[in-house]
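Structure assessment
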Amino acid sequence: MIVQVCIGSSCHLKGSYDVVELFKKAIEENNLESEVTLAGSFCTGKCNRVGVTVQVDDEIYTGVTKESFNEFFKEKVLSAVNSERS
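First, a word on scope: everything that follows refers to the structure included in this document. In this convention, every chain numbers its residues from 1, walking through the sequence in written order. Local features in this predicted model are restricted to residues of pLDDT 70 or higher, and side-chain atom pairs are both shown and tallied only at a pLDDT of 80 or more, whereas totals for entire chains, interfaces and linings draw on every residue. Side-chain calculation: all heavy atoms of the structure are included, whereas hydrogens and water are not.

Description of unusual backbone geometry
Put simply, the test is: The secondary structure listing takes helices from DSSP runs of H or I that are at least 4 residues long and strands from runs of E that are at least 2 residues long, numbered from the N terminus. Burial status follows relative accessibility: with a 1.4 Å probe on protein chains alone, a residue under 20% of its type maximum counts as buried, one over 50% as exposed, and anything between as partly exposed.
Even without a glycine there, the phi angle at Asn31 is positive, about 55°. Summarising the element assignment, Asn31 is placed in the loop between helix H2 (16-29) and strand E2 (37-41). Positive phi, close to 55°, is recorded for Asp57, a residue that is not glycine. Residue position: Asp57 is located in the loop between strand E3 (52-56) and strand E4 (59-64). Exposure remark for Asp57: the relative accessible area of 33% places this residue in the partly exposed category.

Focus on the sheet that holds E3
To be explicit about the condition: Note: two strands are recorded as paired if DSSP finds a minimum of 2 bridges between them. Axis definition: a line fitted to C-alpha atoms, limited for helices to the stretch in contact. Angles are taken between N-to-C directions and run from 0 to 180 degrees.
Pairing in this open sheet of four strands is mixed, and the strands run E2-E1-E3-E4 from one edge to the other. Single-partner strands in this sheet number two, and they are E2 and E4. The mean angle between the axes of side-by-side strands here comes to 25°, regardless of whether they run parallel or antiparallel. With four bridges connecting them, E3 and E4 associate as antiparallel partners.

Side note on helix H3 (residues 69-85)
This is how it is decided: Between the first and last residue of a helix there are one fewer steps than residues, each counted as 1.5 Å, and that sum is the expected span. Two axes enter the bend calculation: one fitted to the seven residues ending at the residue in question, the other to the seven starting there, and the bend is the angle between them. Residue contacts are defined here by distance: any two heavy atoms, one from each residue, within 4.5 Å place the two residues in contact.
For H3, with 17 residues, the first-to-last C-alpha span of 23 Å sits near the 24 Å given by 1.5 Å per residue. The largest bend along H3 reaches roughly 30° and is located at Leu78. Among the residues of H3, Phe69, Phe72, Phe73, Val77, Leu78 and Val81 are the ones counted as buried. Where H3 is buried, its residues touch strand E1 (2-6), H2, E3 and E4.

So, the packing of aromatic side chains
Formally: When the centres of two rings from Phe, Tyr and Trp lie within 6.5 Å, Trp using its six-membered ring, the rings pair. Their planes under 30 degrees apart give stacked, over 60 give edge-to-face, and anything left gives tilted.
Tallied over the full model, the rule gives five aromatic pairs. Aromatic pair Phe23 and Phe72: ring centres 6.3 Å apart, planes at 90°, arrangement edge-to-face. Placement of the pair is Phe23 in helix H2 and Phe72 in helix H3, with a sequence separation of 49 residues. Just as Phe23 is buried, Phe72 falls in that class too. Centroid distance Phe23 to Phe73: 6.0 Å. Interplanar angle 65°. Geometry classified as edge-to-face. Within this pair, whereas Phe23 is found in helix H2, its partner Phe73 is found in helix H3, the two being separated by 50 residues in sequence. Grouping residues by exposure puts Phe23 and Phe73 together as buried. Here the aromatic cluster, defined as three or more aromatic residues joined through ring pairs, consists of Phe23, Tyr61, Phe69, Phe72 and Phe73.

And the structure:
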């Protein structure tokens, strides 16, 4: 699985650095280093008024914030990894 966090200027101002750090921590805590590749990307053209744009494999999600991160990670990353393992 490839997770790309937008680090373009708009997302940077909306907290992409914090979201990247949260991803790093969550990937490590869940021992997903061999299953999830975390990368930065420049603007995907999906800017939202709130939060950061994150692409998980081929799906693009907007509005990821520090506050919504845990739910997003559980729904979009953990559940996908667990279904791939099954």
